Amino acid sequence: MNMTENDKQSLSMVTCTAPVNIAVIKYWGKRDEDLILPINSSLSITLHQDQLKTTTTIACSRNFQQDRIWLNGKEEDISNPRLQSCLQEIRRFSRKRRNSGDSTSDVSSVSHKVHICSVNNFPTAAGLASSASGYACLVYTLSQLFGVESEQLSAVARQGSGSACRSLYGGFVQWKLGEQLDGKDSLAEQVESESFWPELRILILVYRADVVVPSRMEKMIRVIRERDFPAFGELTMKDSNQFHAICLDTYPPIFYLNNMSHRIISLVHHYNQYYGETRVAYTFDAGPNAVIYTLQDHLPEFVQVVRHFFPPEVNGEEFVKGLPVCSADLSEELKRDINMEPTPKGIRYIISTKAGPGPCVVKDPNHHLLGADGLPKKSAISD
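These figures come from a predicted structure and were not determined experimentally.

Caption draft 1: Representation of the sheet that holds strand β14 (residues 290–295) in the model. The five strands are arranged β13-β14-β12-β16-β15 in an open sheet whose pairing can be described as mixed. The sheet is open, and its two edges are formed by β13 (280–284) and β15 (320–322), each paired on a single side. For this sheet the average axis-to-axis angle between neighbouring strands, irrespective of direction, equals 25°. Judged from the five bridges that link them, β13 and β14 form a sheet pairing that is antiparallel. Each bridged residue has a counterpart across the sheet, and for V280 the counterpart in β14 is T294. Sitting on the sheet, helix α7 (residues 259–275) touches β12 (200–207), β13, β14 and β16 (347–353), and the angle it makes with β13 is about 160°. Docked against the sheet, helix α8 (residues 299–309) engages β12, β13, β14, β15 and β16, running at close to 10° with respect to β12.

Structure, rendered in structure tokens:
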């Protein structure tokens, strides 16, 4: 598609980023498949975008022939029903706002076709569900392009991926079950901001490839507000264990956890037993890699424990990525008490991060993933 200078000037473009979230009270399934309404409320922590994020650029122009999307460098089928649902809903809200005379956006652009380019800065190997950050970023970027208000985004993002509504906010976020049949009250809202519990640290342990909820929700919100780590840790692990027990109890069973996952679970329990309190907690998302929560004071020692029992490859890639972690010495007594056989090279690397903010607009036009012709820049395309 060759665009003239005039055509390029008719192009509107916005780039935004959105975060990954990890549930500590999980979303256990849907009561309505079409509207993506959950059977229970859930609560997550938004991870910091310095370590993990999706970046999305969306351009619209009267010269585009059709809607198109590129994900992580490859053009994908835009007819995916969930993608279509998000596009249609944002366009509908934009038209509604325009018709009420309330819109600040270019009123004609809503009928133009869009080109979408989206990349994740975390590898698929990290085992993190990219659909939450991906759909949150898509919906947030579309809303910026078409002048749609933020209160309406939660319900739209939910239709792309249930947990995406939680990635529209920073810090500690709940996705409310809601009671209405049309799902209008099944929305995400921030419980506390990312700066509320600054000592909380999060580790994602990336393995090598070959190796009763409602009352729990109320309790989880309470212990976060009290910054009570032992109670927070216990609740997080119980919810994760119950979720994965249910997965195993289905027929045929869903095996999310592997042997490495079970070794990490054992390591965490032995470490906590040694101190007689919950200093570290694990949870598992839709994959075998563990997400570890702890407080800043305990972080160096626990990373050293992981390094000791899962010795990394010498001269391999950097073992701890992201936020720096101080070194620590382990006592012989602690090593003896944990009493596990080391698993060399079992963990490929650790991503060290913390709670972070919700989606944001990228102001610098040099960071757009699409060029002035509306096609992905070379840096956004994989071979």
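Caption draft 2: Molecular detail of the pairing of strand β6 (residues 53–61). Of all nine residues making up β6, eight are buried, and the element is well covered by its neighbours. Summarising the sheet, β6 and strand β9 (residues 113–120) pair through eight bridges and their orientation is antiparallel. Looking at the pairing, T55 lines up with V119 of β9.

Caption draft 3: Expanded view of the nonpolar core. In this structure, F232, I292 and I347 are the most contacted members of the largest nonpolar core, which totals 65 residues. Among the elements that line this core, the one with the most residues is β12, at seven residues. Summarising the domain contributions, this core has at least three residues from each of domain 1 (11–192) and domain 2 (256–352). In contact with F232, other than residues within four places in its own chain, are V24, I45, W197, L200, M220, V223, I224 and Y293.

Caption draft 4: Quick peek at the state of the cysteines. Scanning all chains against the criterion turns up zero disulfides. Looking at C16, it has no disulfide partner, and the nearest cysteine sulfur is the one in C137, 6.2 Å off. Among the residues examined, C16 registers a relative accessible area of 0% and is labelled buried. Cysteine C360 shares no disulfide, and the gap to the nearest cysteine sulfur, in C16, comes to 7.5 Å.

Caption draft 5: Up close: the pattern of salt bridges. Summed over the entire model, instances satisfying the criterion amount to eleven salt bridges. Across the salt bridge formed by R225 and E192, the nearest N and O atoms sit 2.8 Å from each other. Classification of R225 as partly exposed rests on a relative accessible area of 44%.

Caption draft 6: Inspection of the domain arrangement of the protein chain at higher detail. Partitioning the protein chain into structural domains gives domain 1 (11–192) and domain 2 (256–352). Each of domain 1 and domain 2 has a C-alpha centre, and the two are 34 Å apart. With twelve residues of domain 1 at the interface, the matching set in domain 2 holds twelve residues. Between domain 1 and domain 2, a total of about 990 Å² is buried, with carbon and sulfur atoms accounting for 58% of that surface. Viewed at the interface, domain 2 and domain 1 are joined by zero salt bridges. If you look at where domain 1 meets domain 2, you find two residue pairs in polar contact (both at pLDDT 80 or more). Counting residues per element, the side of domain 1 that touches domain 2 draws most heavily on strand β2 (residues 21–25), at three residues.

Caption draft 7: Representation of the layout of surface pockets in the model. The calculated volume of the second largest pocket comes to roughly 360 Å³. What lines the second largest pocket is a set of 17 residues, among which I69, L71, S118, G134 and Y135 lie closest to the centre. Element by element, the count of residues in the lining of the second largest pocket is highest for helix α3 (residues 130–146), at five residues. Looking at the lining of the second largest pocket residue by residue, the classes come out as seven nonpolar, eight polar and two charged.

Caption draft 8: Local environment of α7. For α7, built from 17 residues, the straight-helix expectation of 24 Å at 1.5 Å per residue is met to within 8% by its first-to-last C-alpha distance of 25 Å. Those residues of α7 lying buried are M260, S261, I264, I265, L267, V268, Y271 and N272. Projected down its long axis, α7 shows its buried positions confined to an angular sector of 160°, all on one face. Turned more than 90 degrees from where α7 packs its buried face, N259 and Q273 sit exposed. The opening residue of α7, the one whose side-chain oxygen lies 3.0 Å from the backbone nitrogen of M260, is N258. G276 sits one or two residues past α7 and shows a positive phi near 70°.

Thresholds, definitions, all that
- Residues numbered from 1 in each chain as written.
- Predicted model: local features only at pLDDT ≥ 70, side-chain atom pairs only at ≥ 80, totals over all residues.
- Heavy atoms only, no water.
- Pairing = 2+ DSSP bridges.
- Helix = DSSP H or I, 4+ residues; strand = E, 2+ residues; numbered from the N terminus.
- Axes fitted to C-alpha atoms, helices over the stretch in contact; angles between N-to-C directions.
- Contact = heavy atoms within 4.5 Å.
- Buried < 20%, exposed > 50% of the residue type's maximum accessible area, 1.4 Å probe, protein only.
- Core = buried A, V, L, I, M, F, W, Y, C linked by side-chain atoms within 4.5 Å.
- Domains from an automatic or database assignment.
- Disulfide = S-S within 2.5 Å.
- Salt bridge = Lys/Arg side-chain N within 4 Å of Asp/Glu carboxyl O.
- Buried area = accessible area lost by both parts, 1.4 Å probe.
- Polar contact = N/O pair within 3.5 Å; in protein donor to acceptor, adjacent residues only side chain to side chain.
- 1 Å grid on protein atoms, 1.4 Å probe; cavity = no way out; pocket = protein on both sides within 12 Å on 5 of 7 lines; lining within 4 Å.
- Points joined across faces, edges and corners; volume = space filled by probe spheres on them.
- Nonpolar A, V, L, I, M, F, W, Y, C, P; charged D, E, K, R; others polar.
- Expected span 1.5 Å × (residues − 1).
- Arc of directions from axis to C-beta.

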